[in-house]
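An overview of the molecular structure
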Amino acid sequence: MNSVTPYQNQEKNKKEQVEAMFDNIASNYDFLNRILSLKMDVLWRRELVEWLTGESPKKVLDVATGTGDLAIEIQKHTRAQVVGLDLSQKMLEAGQEKLNKKGLNNKIFLTKGDAEHMSFDDESFDAVTVAFGARNFQNLEQGLKEMNRVVKKGGSVYILEFSKVEGFLGPLYAFYFKKILPKMGKIISGDQRAYTYLPDSVEVFPYGKQMEDKLSNMGYQNVKSKKLTFGIATIYKAVK
C-alpha cells in the first residue's frame, strides 16, 4: 500500500504526523464528522455494533478510538467492558469528557497507545474493533497482526473504513469527497491538510476483495464484508 501522510513532513513519520493531526482537530472532530458525513457515520457505527452484538462479547478493544463514539455504542448495546486505545492524547481527553458526562468511567477505559505495538497480553479480548483508523496505520499489516494477537481464538476483528463508491454515483461522490469536503474541513477545523489527507488516504487504502484477501493472507478466517451507503464505507469482519 502506498504511504500517504497528513503533512508530507519528511522529518516526522506517518505515525507522528497522524498523532499531531488528531491533536490539532480534536476540539472540532465530532462536529466535523456529523456535518461532513450528514450523520451517516453514526449509522455506520451502529451497523458494526449490530453485527458485533450477536457474539455477546464480554471484553472489547476499540483501536483508534478517537473520542470514543464506537466504544460508547459498543458498551451501550453489549454491556461489555471496553478499552479504547488511541495515539492522540487530545482525542482521548475529549472522549473522557463524554464518559464523565455519561457516567461510563467504570465501563469504558481510555488509554494512549500505538495500535501497531500494543502492550496488551495475547488473546486479551473477545473482539477488537477499529473505525476509520486502519488507513492511518503507518504499517497496515503490522496493525492487523497486532489485532490478531490480542483477540482470543475464535474472536472477531471488525474494521469499519471508507471505501470507493462505484457505478454512476462514483464521480459525483468523488467530487464532493475530494473538492468540497476538504474545503469545509479546513474552514471549520483550521487545519489546512487534515481533510485533504482524508480522501488521499482513502484513495490508496485497500477495499472490497483486496482488503478481504489481505485479511485472509494475514491468517484470519471467515472473512466477510458489507458495503454501506452505496459503498462509501465498508465493514470487514474476520475471525481469528
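Bear in mind the structure is a predicted one, so any value in this text is a computation, not a measurement.

So, about the overall build of the chain. In terms of helices and strands, the chain carries nine helices and seven strands. Relative to the globule expectation of 18 Å for 240 residues, the C-alpha radius of gyration of the chain, 17 Å, shows essentially globular dimensions. Taken over the C-alpha atoms alone, the chain extends approximately 40 × 40 × 35 Å along its principal axes. Relative to its 240 residues, the chain shows a buried fraction of 52%. Surface accessibility of the chain: about 11,500 Å² in total, with carbon and sulfur atoms responsible for 50%. Counting 35 positive and 30 negative side-chain charges, the chain places the averaged centre of each group 4 Å from the other.

This part takes up the packing of aromatic side chains. Applying the stated criterion across every chain yields a total of nine aromatic pairs. Seen in terms of ring centroids, Phe 22 and Tyr 29 are 5.9 Å apart; in terms of plane orientation they differ by 75 degrees. Their pairing is edge-to-face. Taken individually, Phe 22 and Tyr 29 each receive the classification buried, so the pair is uniform in this respect. An aromatic cluster is built from Trp 44, Phe 132, Phe 162, Tyr 173, Tyr 176 and Phe 177, whose rings are joined through pairwise contacts.

In terms of burial, strand E2 (residues 81–86) is a largely internal element, five of the six residues being buried. Handedness of the β-α-β unit built from strand E1 (residues 59–63), helix H4 (residues 69–78) and E2 comes out right-handed. In this structure, E2 lies alongside strand E3 (residues 108–112), joined through five bridges in parallel fashion. For Val 82, the partnering residue across the bridge sits in E3 and is Ile 108.

Cut-offs applied
- Residues numbered from 1 in each chain as written.
- Predicted model: local features only at pLDDT ≥ 70, side-chain atom pairs only at ≥ 80, totals over all residues.
- Heavy atoms only, no water.
- Helix = DSSP H or I, 4+ residues; strand = E, 2+ residues; numbered from the N terminus.
- Rg over C-alpha atoms; globule rule 2.2 N^0.38 Å.
- Buried < 20%, exposed > 50% of the residue type's maximum accessible area, 1.4 Å probe, protein only.
- Areas by Shrake-Rupley, 256 points an atom, 1.4 Å probe, with all protein chains shown as cover.
- Lys, Arg positive; Asp, Glu negative; His and termini not counted.
- Charge placed at Lys NZ, Arg CZ, Asp CG, Glu CD.
- Phe/Tyr/Trp six-rings, centres within 6.5 Å; stacked < 30°, edge-to-face > 60°.
- Right-handed = clockwise from strand over helix to strand, strands pointing away.
- Pairing = 2+ DSSP bridges.

Taken by themselves, the reported measurements are silent on function.
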